[in-house]
Amino acid sequence: MTIREKKTIHATRLTAILSLCVGLLLITGCRTALDVRNEGVTALNRGQNELAVQKFTEAVERDPSSARNHYQLGRGYLAVNENVKAQYELEKALALRPNEPELTPDILDSLAEAIYRQDMTANLYAFLEKQVKDFGTTRDFLRQGKYLAKAGDPDAARLAFRKGAYFAAPNDPDPYIAIADFYTAIGDQPEAVTALRYANFVDPGNQDVAERLRQFGIVPGPTVTEAPPKPDLLK
């Protein structure tokens with residue numbers, strides 16, 4: 001076989017391989033881990049939870065170094081009530097969070113839910129306390145209050161919510177909305193309304209607060225605002 005013949009055979013094989021690759025790309029597309037993850041988010045938003053888990057699993061396989069991929073897989077597992085698996089993936093996401101630090105609060109919220117669902121009260125308390133010590137943001141205290149309330153400890157929940165309000169920015173309604181939810185859940189409507197009045201004062205244009213007031217039969221406006229007192233953490 002001549003050199004020219006060998007080159008011709010090689011070129012023919014190369015052309016065939018390239019044609020096969022192009023065909024596969026046309027069928028599957030150049031899908032990245034981000035593309036697959038976004039497909040999972042869409043599925044999760046539509047309530048297609050099993051499909052979402054499949055998509056997020058594929059995203060993790062494509063890029064296991066992404067905190068966001070593990071976080072979304074954790075959310076997917078929560079949606080199908082696979083809480084141990086959810087905790088595992090969320091802890092991976094937490095370990096990788098320096099790559100995406102803005103994701104940390106969302107990871108912690110989902111991780112608290114995963115631990116709570118497993119009825120591990122001592123672990124839940126320790127986890128919540130660690131976050132307020134490590135970060136100490138308003139969101140950390142509100143998360144603590146929410147799950148202490150769900151765990152059946154309303155007194156500790158009240159203190160956590162109070163701390164959340166204490167450290168909040170002057171125009172942040174979130175602590176008062178969370179407090180209103182807490183009092184609504186335990187059937188204390190007057191305290192819930194008072195908290196919403198505080199929220200309406202610090203953020204008058206907040207439509208969520210306005211709708212919550214309407215649910216109590218109160219028309220939002222300047223007359224239903226009330227300046228929140230600075231909480232006394234010693235009480």
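Look up a bit, the structure's there.
*Asks:* Can you break down the side chain of Gln-72 residue by residue, with the values?
*Replies:* In this fold, Gln-72 is placed in helix α4 (residues 67-79). Polar contacts involving the side chain of Gln-72 include one to the side chain of Arg-75, which spans 2.7 Å.

*Asks:* Could you give me a rundown of the packing of aromatic side chains, with the residues and numbers involved?
*Replies:* For the coordinates displayed, the defined rule picks out six aromatic pairs. Their ring planes at 10° and their centres at 5.5 Å tell us that Phe-141 and Phe-167 sit as a pair that is stacked. Here Phe-141, found in helix α8 (residues 138-150), pairs with Phe-167, found in the loop between α9 (154-166) and α10 (174-185); they are 26 residues apart in sequence, far enough to count as distant. An aromatic cluster of at least three residues, connected via ring pairs, comprises Phe-141, Tyr-166 and Phe-167.

*Asks:* How would you explain unusual backbone geometry if you had to name every residue and give the values?
*Replies:* You will see that Asn-81, though not glycine, has its phi angle at about 65°, which is positive. Secondary-structure assignment places Asn-81 in the loop between α4 and α5 (83-96). Of the residues examined, Asn-81 reaches a relative accessible area of 51% and is grouped as exposed. Of note in the backbone geometry, Asp-119 takes a positive phi value of approximately 60° without being a glycine. When its relative accessible area of 68% is taken as the criterion, Asp-119 is described as exposed.

*Asks:* Hey, could you go over the pattern of salt bridges for me, with residue numbers and the actual values?
*Replies:* What the rule picks out here adds up to 16 salt bridges. A salt bridge links Arg-139 to Asp-106; the nearest nitrogen and oxygen atoms lie 2.6 Å apart. On the criterion of sequence distance, the pair formed by Arg-139 in helix α8 and Asp-106 in helix α6 (residues 104-117) is long-range, its members being 33 residues apart. The salt bridge involving Asp-155 is made with Arg-158; its shortest N-O contact spans 3.0 Å. On the criterion of helical spacing, the pair formed by Asp-155 and Arg-158 is a turn pair, its members being three residues apart in helix α9. The exposure class of Asp-155 is exposed, given its relative accessible area of 58%.

*Asks:* Kindly report on the environment of Thr-57, identifying the contributing residues and their values.
*Replies:* Residue placement: Thr-57 occurs in helix α3 (residues 49-62). The class of Thr-57 is partly exposed, set by a relative accessible area of 25%. Here the alpha-carbon distance between Thr-57 and Arg-37, two residues 20 residues apart in the chain, equals 8.7 Å. Residues within four places of Thr-57 in sequence aside, it is in contact with Leu-73 and Tyr-77.

*Asks:* Which residues make up the packing of α3 against α4, and what values go with them?
*Replies:* Taken N-terminus to C-terminus, the directions of α3 and α4 make an angle of 155°; their axes are 9 Å apart at the nearest point. It follows from the interaxial angle that α3 and α4 lie roughly antiparallel. In the crossing of α3 with α4, the sense of the turn from one axis to the other is left-handed. For the pair α3 and α4, contact is made by Asn-49, Val-53, Phe-56, Thr-57, Ala-59 and Val-60 and by Asn-69, His-70, Gln-72, Leu-73, Gly-76, Tyr-77 and Ala-79, respectively. A breakdown of the residues in the contact of α3 with α4 according to their chemical character gives seven nonpolar, six polar and no charged.

The rules behind the values
- Residues numbered from 1 in each chain as written.
- Predicted model: local features only at pLDDT ≥ 70, side-chain atom pairs only at ≥ 80, totals over all residues.
- Heavy atoms only, no water.
- Helix = DSSP H or I, 4+ residues; strand = E, 2+ residues; numbered from the N terminus.
- Polar contact = N/O pair within 3.5 Å; in protein donor to acceptor, adjacent residues only side chain to side chain.
- Phe/Tyr/Trp six-rings, centres within 6.5 Å; stacked < 30°, edge-to-face > 60°.
- Buried < 20%, exposed > 50% of the residue type's maximum accessible area, 1.4 Å probe, protein only.
- Salt bridge = Lys/Arg side-chain N within 4 Å of Asp/Glu carboxyl O.
- Contact = heavy atoms within 4.5 Å.
- Axes fitted to C-alpha atoms, helices over the stretch in contact; angles between N-to-C directions.
- Parallel < 35°, antiparallel > 145°, perpendicular 65-115°, else oblique.
- Left-handed = near helix turned anticlockwise from the far one by under 90°.
- Nonpolar A, V, L, I, M, F, W, Y, C, P; charged D, E, K, R; others polar.

All we've got here are geometric facts, nothing functional implied.
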